[in-house]
Amino acid sequence: MKVVFRVDSSTKIGAGHVMRCLTLADELKRQKHQVIFTCREFDGSLISHIQKNYLVCILPSNKKKHLYSNHSDCLVELQRVDAEQTIKKMPKNTDMLIVDSYSLGKEWHKQLRPFTNTIVVIDDLADKSFDCDILLNQNLGSDKEMYQNKVPKKCKLILGSEYALIRPEFLKYRSKSLFKRKSTREVKNILVSMGGSDNENITYKILQKLDGNFNIVVVLGAISVHKEMIEKYAVGKTIKVVFDVDNMAQLMFDADLSIGAGGATSWERCCLGLPTLMYITADNQKNVAKNLNKSGAVKIVRNLKSDLTEISSNFNLWINMSNQATKVCDGMGGLRFLEILERSVK
């Protein structure tokens, strides 16, 4: 089948929407489906990254209007205009349209209805109405009540972290990672990953609170405006700074503890049983962090130094966090969701 993704990324929106769509796109491609992306051109977008493997139909940016920091307002154009521009880029005979955007809702979907057989929405917030055939919310704790009266009665709701879209390399690392956790006896290696752009420079604040007793790896995107500051701070310390990595599974495998945000990487860390001290860096992360904290897989940071001391000195807490994390996500979500998509068009 011919599948079109409508998804955006930028320094404000982040990379998470695109990265999970790429995970699903790769699974579709492996099954010989044709995949095309449609993306708006924003500052810091990942269009060039997507183009390494897929055709991208680019929607124009509007330099006269600024990009809002609020996710729900992040599209430069109104939904109506965005729909019209998307329709012009849509290839004929599109079987499935997969939409991953906090800015596009029911009215946008209705405009696209005549141009595809199936509309799929990937959502996290349940903050608007949708006109779709399938809706995926991959977050722990998501349930049907969240979407009551917000989707058509025939819409198939796919809910929960068992459907988390994470790259296949995490599944490949899962068994040996869980085996490694069983023999871990201390927190020595820490992975700091606050998202590709980390606009608030939380990474720098974290590093200032860590001492030389730990081996620290910092992951940043090359688009980060704070990268030079972080690199300069790391000189002469047990801190390694890496950019735009393609071996995140390996880095998580090597780490004993992660300090990170509550975004899409949450499911990757859980897949590998990696305990996390979590920062909430955006409103859309609050429910994810709350549910992961409740499960025991993560600890929301209150005071980093005391939280780190607690987990280092009470290793039973570390063991419990690792065990709970492994139950959240097993790395098979992409394959499960692909099977549902393929069944829907047969």
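Whatever comes next refers back to the structure up there.
Read on for an overview of the structure. For clarity, every value in this text was computed on a predicted model and none was experimentally measured.

1. Here we look at the overall build of the protein
Part 1: Of regular secondary structure, the protein possesses 13 helices and 13 strands.
Part 2: Its C-alpha atoms give the protein a radius of gyration of 20 Å, within 12% of the compact-globule value 20 Å for 346 residues.
Part 3: Projected onto its principal axes, the C-alpha coordinates of the protein cover approximately 60 × 40 × 35 Å.
Part 4: Buried residues in the protein amount to 53% of all 346 residues.
Part 5: With an accessible surface of roughly 16,200 Å², the protein has 48% of that area assigned to carbon and sulfur atoms.
Part 6: Averaged over its 51 positive side-chain charges, the protein has a centre that lies 1 Å from the centre of its 38 negative ones.

2. Quick look at the pairing of strand β1 (residues 2–7)
Part 1: Burial analysis of β1 places six of its six residues in the buried class, the great majority of the element.
Part 2: The alternating pattern of β1 places K2, V4 and R6 on one face and V3, F5 and V7 on the opposite face, and all of these are buried.
Part 3: Note: β1 against strand β2 (residues 34–40), five bridges, orientation parallel. Opposite V4, over in β2, you have I36 as the bridge partner.
Part 4: Note on the crossover from β1 through helix α1 (residues 16–30) to β2: the handedness is right-handed.

3. Focus on the packing of helix α11 (residues 304–313) against helix α12 (residues 315–328)
Part 1: With their axes 4 Å apart at the nearest point, α11 and α12 run at an angle of 90° to one another. On the basis of the axis angle, α11 is roughly perpendicular to α12. Contact residues: E310, I311 and S313 in α11; F315, L317, W318 and M321 in α12.

4. Section: the environment of Y54
Part 1: You can see Y54 is positioned in the loop between α2 (47–50) and β3 (55–59).
Part 2: Taking the relative accessible area as the measure of exposure, Y54 reaches 7% and is therefore buried.
Part 3: For Y54, the contacting residues outside a window of four places in its chain are L22, A25, D26, K29, V35 and F37.
Part 4: A polar atom in the side chain of Y54 sits 2.5 Å from the side chain of D26.

5. What to know about the pattern of salt bridges
Part 1: Taken as a whole and assessed by the stated rule, the structure comprises 18 salt bridges.
Part 2: When the shortest N-O distance is used, the salt bridge between D127 and K128 registers 3.0 Å.
Part 3: Residue classification places D127 among the partly exposed residues on the basis of a relative accessible area of 42%.
Part 4: Judged by relative accessible area, which is 19%, K128 ranks as buried.
Part 5: R167 serves as the salt-bridge partner of E268, at 3.5 Å between the closest nitrogen and oxygen. With E268 in helix α9 (residues 265–271) and R167 in the loop between β7 (156–159) and α5 (168–183), the pair connects residues that are 101 residues apart, well separated along the chain.
Part 6: One salt-bridge network, in which partners are shared between bridges, spans R6, D8, R40 and D82.

6. Regarding the side chain of N137
Part 1: Locating N137 in the fold gives a position in strand β6 (residues 134–137).
Part 2: A polar contact is formed between the side chain of N137 and the side chain of Y147, at a distance of 2.9 Å.
Part 3: Aside from chain neighbours lying at most four places away, what touches N137 is D123, D124, S142, M146, Y147, I158, L159 and G160.

7. Examining the nonpolar core
Part 1: Counting residues in hydrophobic clusters, the biggest one holds 30 residues, and the most contacted among them are F5, L24, F37, I98 and F337.
Part 2: Among the secondary structure elements, those contributing two or more residues to this core are β1, α1, β2, α2, β4 (94–100), β5 (116–122), β6 and α13 (333–344).
Part 3: The biggest single contributor to this core is α1, with six residues.
Part 4: Leaving out residues up to four positions away in the same chain, F337 has contacts with L24, V120, I134, L136, I158, Y163 and L165.
Part 5: Ranked by size, the runner-up nonpolar core spans 29 residues in total, among them I216, Y233, L277 and I311.

8. Re the packing of α1 against α13
Part 1: In contact at an axis separation of 10 Å, α1 and α13 are set at 60° when each is read in the N-to-C sense. What the angle tells us is that α1 and α13 run oblique. Crossing hand, α1 versus α13: right-handed. Across the interface between the two elements, L24, E27 and L28 from α1 touch L335, F337, L338 and L341 from α13.
Part 2: Here the residues of the contact of α1 with α13 are counted per class, giving six nonpolar, no polar and one charged.

9. Section: the sheet that holds strand β8 (residues 189–193)
Part 1: Spatially, β10-β9-β8-β11-β12-β13 is the arrangement adopted by the six strands of the open sheet, whose pairing is parallel. Since the sheet does not close on itself, it has two edges, and those belong to β10 (239–243) and β13 (298–300), each with one partner. Direction aside, neighbouring strands of the sheet carry axes that sit 20° apart on average.
Part 2: Relative to strand β9 (residues 215–220), β8 is paired through five bridges, and the arrangement is parallel. Residue pairing across strands places V192 opposite V218, the latter belonging to β9.

Thresholds, definitions, all that
- Residues numbered from 1 in each chain as written.
- Predicted model: local features only at pLDDT ≥ 70, side-chain atom pairs only at ≥ 80, totals over all residues.
- Heavy atoms only, no water.
- Helix = DSSP H or I, 4+ residues; strand = E, 2+ residues; numbered from the N terminus.
- Rg over C-alpha atoms; globule rule 2.2 N^0.38 Å.
- Buried < 20%, exposed > 50% of the residue type's maximum accessible area, 1.4 Å probe, protein only.
- Areas by Shrake-Rupley, 256 points an atom, 1.4 Å probe, with all protein chains shown as cover.
- Lys, Arg positive; Asp, Glu negative; His and termini not counted.
- Charge placed at Lys NZ, Arg CZ, Asp CG, Glu CD.
- Pairing = 2+ DSSP bridges.
- Right-handed = clockwise from strand over helix to strand, strands pointing away.
- Axes fitted to C-alpha atoms, helices over the stretch in contact; angles between N-to-C directions.
- Parallel < 35°, antiparallel > 145°, perpendicular 65-115°, else oblique.
- Contact = heavy atoms within 4.5 Å.
- Polar contact = N/O pair within 3.5 Å; in protein donor to acceptor, adjacent residues only side chain to side chain.
- Salt bridge = Lys/Arg side-chain N within 4 Å of Asp/Glu carboxyl O.
- Core = buried A, V, L, I, M, F, W, Y, C linked by side-chain atoms within 4.5 Å.
- Left-handed = near helix turned anticlockwise from the far one by under 90°.
- Nonpolar A, V, L, I, M, F, W, Y, C, P; charged D, E, K, R; others polar.

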